[in-house]
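Here's the letter readout for the chains.
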Amino acid sequence: MTLVMVGVNPRRAPFSLLVRSLEAAEARGAVLCRLAGHRSVEEVLLLTSEERMEAYAVVEDGTDAYDVILSQMVAAGVLSADGMAHGYFAEGVDAAAHLFAAVGNVDEFAQPGEETADSFAMAASASRAQGALGPRLEGLVAAVRALAGRLEALDAGESTGALGATVAELTHRVFDHLGRRRALVVGSGALPVAAASALVDAGVGHLTWVGAPGGLETPGAGSSPLDAGDVLLPSGASASTAFAAASPEALPVVLGNADIVVVAPGVVPVLDKRLVKTAMRTRRGRPMLLVDVSEGTPAIDDRVASVDDAFLYSRADLVRLTGDAPWARANSGRLRDAAVAEAVRSFSYQLV
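Predicted, not measured: the structure shown is a model, and the values here were computed from it. Throughout, residues of each chain are indexed from 1 in the direction in which the sequence is written. Thresholds applied to this predicted model are a pLDDT of at least 70 for local features of residues and 80 or more for the giving and counting of side-chain atom pairs; totals over whole chains, interfaces and linings are not thresholded and use all residues. With hydrogens and water stripped out, all remaining heavy atoms of the structure feed into the side-chain values.

**Student:** Would you mind going over the overall build of the protein chain with me for this structure?
**Tutor:** In terms of regular secondary structure, the protein chain is built from eleven helices and ten strands. Burial status follows relative accessibility: with a 1.4 Å probe on protein chains alone, a residue under 20% of its type maximum counts as buried, one over 50% as exposed, and anything between as partly exposed. For the protein chain, with 352 residues in total, the buried portion stands at 48%. By definition in these notes, contact holds between two residues if any of their heavy atoms fall within 4.5 Å. Pairs at least 24 apart in sequence give 68% of the contacts found in the protein chain among residues at least 6 apart. When the accessible surface of the protein chain is summed, it comes to about 16,600 Å², and 51% of that surface belongs to carbon and sulfur atoms. Going along the chain from the N terminus, every DSSP run of H or I of four or more residues is numbered as a helix, and every run of E of two or more is numbered as a strand. Accessible surface is estimated by sampling points in the Shrake-Rupley manner with a 1.4 Å probe; for residues, cover comes only from the protein chains shown.

This is how it looks when you write it as structure tokens:
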């Protein structure tokens, strides 16, 4: 048995008429019964939306599924005869990959706000009611549900990655030659990690961490605690970036050496104006970019903004600057592509 997908091109066929003809439950049920009753079709469901009409079916090996499915729709009166010339087809893992790309809104027919996962769940319910859904398509339904959950989690985390990318973008705007710049991250949490990752990707020359998260390891030390001076090697980090850990007590020293400072609350008291002003004296007019990533109580005293050559940004500033920035869109696209690719890889094992 083979998994197939047969769709009708919304840019060529009289598509709106086709979709409207399938809106009524009776009409959809009649088409499902006709398709499921064909001797070569084992399971079938119909996915429809304003920009999509696709049949997913399990058919006997060697079946001309394109002809079978579209001709049955013609016979049911929901597709004109010339509509058979405006279809598209995929089978096996390619059929699943097409569906997962649609769920991720990264395929050629994707529309802003399209909820393909919800439409697919409703299509599955309609097929179950008609007895047209079997174990193979149920496996596909489960895979779509898992991918939708993964994408929902990404949507929540996407903003964190984009805000981290904005920290790197601000660094580019303030400094040149990032390979000669030193970054300091104070505290842990999703956004400091995202900012550190983005700074490393941007090529910052040195990164010191006060209150490093557990995901950073010291070479040869396994999971031992990090002490001042330990070299950090995050997984996937650029070999051109040097890493070190510092204790909270060393903050006045490492702060004066830092060009970029990202601070989250909890590890040290609020970074106040006096401490920053003292650090700036040692820098002799060299600018410092400070980013407060806290959501509630500030981690950096607002008065730091009045210190000469200190550029202070809050989390609210990051959110405002990120918006629909191109680096945020690029990061979102990469994450969704990766989630879709992983879903395809996982589902392919079910087809063996």
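**Student:** Even after reading the chapter, I still don't get the packing of aromatic side chains, so can you show me in this structure?
**Tutor:** Only Phe, Tyr and Trp rings are paired, with Trp represented by its six-membered ring, and only when their centres lie within 6.5 Å; those with planes under 30 degrees apart are stacked, over 60 edge-to-face, the remainder tilted. Enumeration over the complete set of coordinates arrives at two aromatic pairs. Ring centres 5.8 Å apart and planes at 85° place the aromatic pair tyrosine 56 and phenylalanine 120 in the edge-to-face group. With tyrosine 56 in strand E3 (residues 52-59) and phenylalanine 120 in helix H5 (residues 116-129), the pair connects residues that are 64 residues apart, well separated along the chain. Given the relative accessible area of 0%, tyrosine 56 is considered buried. Ring geometry for phenylalanine 100 against phenylalanine 347: centres 5.9 Å apart, planes inclined by 90°, an arrangement best described as edge-to-face.

**Student:** Honestly, the pattern of salt bridges in this entry has me stumped. Any pointers?
**Tutor:** When their charged atoms lie close together, side chains carrying opposite charge are able to pair. Every case where a carboxyl oxygen of Asp or Glu lies within 4 Å of a side-chain nitrogen of Lys or Arg is listed as a salt bridge. As enumerated under the stated definition, the model contains nine salt bridges in all. A salt bridge links arginine 128 to glutamate 138; the nearest nitrogen and oxygen atoms lie 2.8 Å apart. Of this pair, arginine 128 sits in helix H5 while glutamate 138 sits in helix H6 (residues 135-174), and the two are ten residues apart along the sequence. In this structure arginine 128 comes out as partly exposed when scored by relative accessible area, which is 38%. For glutamate 138, a relative accessible area of 28% gives the class partly exposed. Residue glutamate 342 is joined to arginine 345 by a salt bridge in which the shortest nitrogen-to-oxygen separation is 2.5 Å. With glutamate 342 and arginine 345 both in helix H11 (residues 326-348), this residue pair falls three residues apart, about one helical turn. Arginine 345 sits in the partly exposed class, given a relative accessible area of 39%.

**Student:** Looking at this structure, how should I read the sheet that holds E3?
**Tutor:** Two modes of strand pairing occur in sheets, parallel and antiparallel, and in both the strands are linked by backbone hydrogen bonds. Strand pairing requires that DSSP identify at least two bridges connecting the strands. Spatially, E2-E3-E1-E4 is the arrangement adopted by the four strands of the open sheet, whose pairing is antiparallel. Two strands in the sheet have a free side with no partner beyond their single neighbour: strand E2 (41-49) and strand E4 (87-91). Taking the axes of each pair of neighbouring strands and ignoring which way they run, one obtains an average angle of 15° across the sheet. Axis definition: a line fit to C-alpha positions, over the contact stretch in the case of helices; interaxial angles, taken between N-to-C directions, run 0 to 180 degrees. Where helix H3 (residues 65-75) meets the sheet, its contacts fall on strand E1 (2-8), E2, E3 and E4, and the angle it forms with E1 comes to roughly 50°.

**Student:** It is not clear to me how the nonpolar core should be interpreted in this structure. Could you clarify?
**Tutor:** Nonpolar side chains tend toward joint burial in soluble globular proteins. Among buried residues, those of type Ala, Val, Leu, Ile, Met, Phe, Trp, Tyr and Cys that are joined through side-chain atoms within 4.5 Å constitute a nonpolar core. Formed by 31 residues in total, the largest nonpolar core has its most connected members in Leu45, Tyr56, Leu99, Phe100, Phe120, Leu137 and Leu140. When contributions to this core are tallied by element, the ones reaching two or more residues are E1, E2, E3, E4, helix H4 (93-103), H5, H6 and H11. Broken down by element, the residue count for this core peaks at eight residues, all from H6. Discounting chain neighbours no more than four positions away, the residues touching leucine 45 are Leu32, Glu54, Ala55, Tyr56, Phe120, Ala123, Ala124, Ser127, Leu133, Leu137 and Val141. Counting 24 residues, the second-largest nonpolar core is a separate cluster that includes Val185, Val200, Val262 and Leu289.

**Student:** Teacher, can you tell me more about helix H7 (residues 190-202) here?
**Tutor:** Given 3.6 residues per helical turn, the α-helix brings residues three or four places apart onto the same face. To estimate how far a helix should reach, multiply one less than its number of residues by 1.5 Å. The end-to-end C-alpha distance of H7, which contains 13 residues, comes to 18 Å, matching closely the 18 Å that a straight helix rising 1.5 Å per residue would cover. Along H7, the residues classified as buried are Leu191, Pro192, Ala194, Ala195, Ala196, Ala198, Leu199 and Val200. Note on H7: the residue one or two positions beyond its end, glycine 203, has a positive phi of about 100°.

**Student:** Would you mind showing me how to read the pairing of E3 here?
**Tutor:** Across a regular strand the side chains alternate sides, sitting on one face of the sheet and then on the other. The element E3 is largely enclosed, with a buried count of eight among its eight residues. Across the two faces of E3 the burial is the same, with Arg52, Glu54, Tyr56 and Val58 and Met53, Ala55, Ala57 and Val59 all buried. Both E1 and E3 contribute to a ladder of six bridges, which runs antiparallel. Directly across from glycine 7, in E3, lies its bridge partner glutamate 54. Relative to E3, E2 is paired through eight bridges, and the arrangement is antiparallel. Its bridge partner being in E3, threonine 48 is matched across the sheet by methionine 53. With antiparallel pairing between neighbouring strands as the criterion, E2 and E3 make up a hairpin whose turn holds two residues.

**Student:** Mind showing me how you'd approach the sheet that holds strand E5 (residues 182-186) here?
**Tutor:** What the six strands build is an open sheet, ordered E7-E6-E5-E8-E9-E10; its pairing is parallel. The open sheet has two edge strands with one neighbour each: strand E7 (242-246) and strand E10 (310-314). Strand-to-strand, the axes of this sheet are offset by a mean angle of 15°, without reference to chain direction. The pairing of E5 with strand E6 (residues 206-210) spans five bridges and is parallel. Paired with leucine 184 across the bridge in E6 is threonine 208. Together, E5, E6, E7 and strand E8 (260-263) form the strand contacts of H7, whose direction differs from that of E6 by roughly 165°.

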